[in-house]
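Notes for the structure review
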Amino acid sequence: MATLAAVVLGATTTASAQTLTTLKSFTDFREGGAGGDTGLTLSDGMLYGTGGTVYKVSTNGGGFTVVHQFTGGGEGFGPVGRVVVSGNTLYGVTSYGGSNAGADAGDTLGHGIIYRVNTDGSGFTVLRRFNKAGGDGYRPSSGLVLSGSTLYGTAGQGGASDHGVVFKINTDGTGYRNIRSFDWINGAQPEAELTLIGSTLYGTTAFTQLGTRSGPLFKIGLDGTGFAALYTFPKTFSVLGSGRLTLVGNQFYGAGWSSQTGDALSSLYKINTDGTGFQIIRQLPPGSRFGNILTWTGSELLGAWHDSSPSGGIFQVNTDGTGYHVIKTFEGNSFPVGDLVFSGTTLYGGTYADTQPSTVFSLDVRPRLAIAAAAAAVKISWPSYAHDYVLEQSPTLAHGSWTYVIEASADEGTNRMTTLPVSPAPGAMFFRLRR
């Protein structure tokens, strides 16, 4: 093997971490980063998010703009969830504000609104002010989904029994209707964003009969027909109320709390879209809490965790629950929250911190190689979580010159390592990981 002296000079002894880039650091509530509760949507190279405002920032960190600053009152305040991007228009909801606040205690902040605004900040319009007295759902806690020219959403309160609704409204603000009002019998308090497959909406509720926190997975047609509670989660498992379902093939993946073994542990589950095959595939380590929505990369699931320190990071797990690895731990008391968006090889998300500004970040999740000199050999290492990658070498970088490195590798828990002898022949050898 050719000498690697030119490569070894700048090498380190452990595999280098993924590249984390801060795209925006929020220092002012009026910018939109309050709490870091960032429901991100990616469209044409721009990330759109919600916090104290609706804002946008490009995937390279430039072009940050507050699209809309909510003023409260009839205009609403407290935007939540992801915005829907359709052409040059954004659609979303707020949890508070509107002109229909009640007089009873705790109801004076208003019931929230449905709004639209152009991506350049013009044309802000209130499509609907939720009205509890009129039978609307109210106080939504997640974003909308769009089918044609109709928006669909959930609200955890309101409706005929005041146990929450699935609602629809046209994009011009007409045609608001509750297509499902929940009761204790078939679920109560839908909080998560709906998942649309064809002409059917899927979701979960936080509660079911007698208030037990084990609500059902349900489906309902776009016109409100065909409602069915497909599966009621066991009493030992509590669905994460705001956790949107992640669709992979014909299975949903989600998160909740499992108390099957005594102490409640933050857990990931899968279930078929017809309600069969419920299975807890992974429990996070004790003290760790699932922090957002699972994201499918095309080959594995990514999610976020945090603890009471507070600290947290990004993990990877296979769809059968194997291969769990933390691929990035955030520094200080910062941890990722809200929606993660995956595009190409990059993950985008938001962070929350008690004593630091919240941020929007990008994380290149490709594993990195590291090379270090070791006497008459070189040691090559890469992250343990890259278990489905192979190490290849080439003397020229030319197409067709890459060959598989057959030497056995050892895994010490964080990194896999291979030690290769160095021959006296001059020249260079290049290495790469390939999935």
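Here the residue numbers are simple positions, counted from 1 along each chain's written sequence. Totals for whole chains, interfaces and linings use every residue, but because this is a predicted model, local features are given only for residues with pLDDT of at least 70 and side-chain atom pairs only at 80 or more, for both listing and counting. For side-chain calculations, the full set of non-hydrogen atoms in the structure is used, while hydrogens and water are omitted.

Overview of the overall build of the protein chain
Strands here are runs of E lasting at least two residues and helices are runs of H or I lasting at least four, both read from the DSSP assignment and numbered beginning at the N terminus. Helix and strand counts for the protein chain come out as one helix and 39 strands. When burial is assessed residue by residue, the protein chain has 53% of its 435 residues classed as buried. Whether two residues are in contact is decided by their heavy atoms: any pair within 4.5 Å suffices. Long-range pairs, those at least 24 residues apart, make up 48% of the contacts in the protein chain with a sequence separation of at least 6. A 1.4 Å probe and the Shrake-Rupley method give the accessible areas. Residues count as covered only by the protein chains that appear here. In the structure as shown, the protein chain presents an accessible area of about 17,800 Å², 49% of it carried by carbon and sulfur atoms. Accessible area is worked out with a 1.4 Å probe on protein chains only. A residue is then buried under 20% of its type maximum, exposed over 50%, and partly exposed in between.

A few points about the pattern of salt bridges
For salt bridges, the criterion is a side-chain nitrogen of Lys or Arg within 4 Å of an Asp or Glu carboxyl oxygen. Under the counting rule described, the total for this entry stands at nine salt bridges. Across the pair Arg 244 and Glu 193 runs a salt bridge whose closest N-O atoms are separated by 3.8 Å. With Arg 244 in the loop between strand E20 (237-239) and strand E21 (246-248) and Glu 193 in the loop between strand E15 (177-181) and strand E16 (195-197), the pair connects residues that are 51 residues apart, well separated along the chain. Each member of the pair, Arg 244 as well as Glu 193, carries the same accessibility label: buried.

A few points about unusual backbone geometry
Of note, the phi angle at Arg 139 is positive, near 55 degrees, even though the residue is not glycine. What makes Arg 139 buried here is its relative accessible area of 15%. Despite not being glycine, Gln 189 has its phi angle at roughly 65 degrees, a positive value. As for its placement among the helices and strands, Gln 189 is situated in the loop between E15 and E16.

As for the nonpolar core
Joining through side-chain atoms within 4.5 Å is the link that ties buried Ala, Val, Leu, Ile, Met, Phe, Trp, Tyr and Cys residues into a set, and such a set is a nonpolar core. One finds Ile 314, Leu 347, Ile 380, Leu 391 and Phe 431 to be the most contacted residues of the largest nonpolar core, which totals 23 residues. Sorting elements by how many residues they give to this core places strand E34 (residues 377-383) first, with three residues. With 15 residues, the next largest nonpolar core counts Val 93, Leu 144, Ala 155 and Phe 167 among its residues.

Digging into the sheet that holds strand E8 (residues 113-118)
Judged by pairing direction, the sheet is antiparallel, and its four strands sit side by side in the order E6-E7-E8-E9 without closing on themselves. Among the strands making up the open sheet, the edge pair consists of strand E6 (77-86) and strand E9 (125-129). Taking the axes of each pair of neighbouring strands and ignoring which way they run, one obtains an average angle of 25 degrees across the sheet. For two strands to be treated as a pair, DSSP must find no fewer than two bridges joining them. Here strand E7 (residues 89-96) pairs with E8 via five bridges, running antiparallel. Within E8, the position partnered with Gly 92 by the bridge is Tyr 115. For every element, the axis is a line fit to its C-alpha atoms; helices are fit only across the contacting stretch, and the angle between N-to-C directions ranges from 0 to 180 degrees.

Focus: the sheet that holds strand E18 (residues 216-221)
If you walk across this open sheet you meet the four strands as E16-E17-E18-E19, and the pairing is antiparallel. Every interior strand has two partners, whereas the edge strands, E16 and strand E19 (228-232), have only one. Across this sheet, the average inter-strand angle for adjacent strands is 25 degrees, counted without regard to direction. Bridge count for E16 against strand E17 (residues 200-204) is three bridges, and the pairing is antiparallel. In the strand pairing of E17, Leu 196 is matched with Leu 201.

Side note on the environment of Arg 128
Within the secondary structure, Arg 128 is located in strand E9. According to the relative accessible area criterion, Arg 128 is partly exposed, its value standing at 28%. Between the C-alpha atom of Arg 128 and that of Tyr 176, which follows or precedes it by 48 residues, the distance is 7.9 Å. Among the polar contacts listed, one links the side chain of Arg 128 to the side chain of Asp 136, at a separation of 3.0 Å. Definition of a polar contact: a pair of N or O atoms within 3.5 Å, with one able to donate and the other able to accept a hydrogen when the atoms are protein atoms, and with sequence-neighbouring residues admitted only if both atoms are side-chain atoms.

As for the pairing of strand E33 (residues 370-374)
As judged from the five bridges shared by E33 and E34, these two strands associate in the antiparallel manner. Counted as the bridge partner of Ile 371 is Ile 380 from E34. Here E33 hands over to E34 after two residues, with Ala 375 in that stretch at a positive phi of 55 degrees.

A short note on the pairing of strand E31 (residues 346-353)
With seven of eight residues buried, E31 lies mostly within the body of the structure. Both strand E30 (residues 334-343) and E31 contribute to a ladder of seven bridges, which runs antiparallel. By the bridge assignment for E31, Ser 343 is matched with Thr 346. Hairpin connection between E30 and E31: a loop of two residues separates the two successive antiparallel strands, and Gly 344 in this loop has a positive phi of roughly 70 degrees. For E31 and strand E32 (residues 359-364), the ladder comprises six bridges, and the chain directions are antiparallel. Residue pairing in the sheet places Gly 350 in a bridge with Val 360 of E32. The hairpin formed by E31 and E32 contains five residues between the paired strands.

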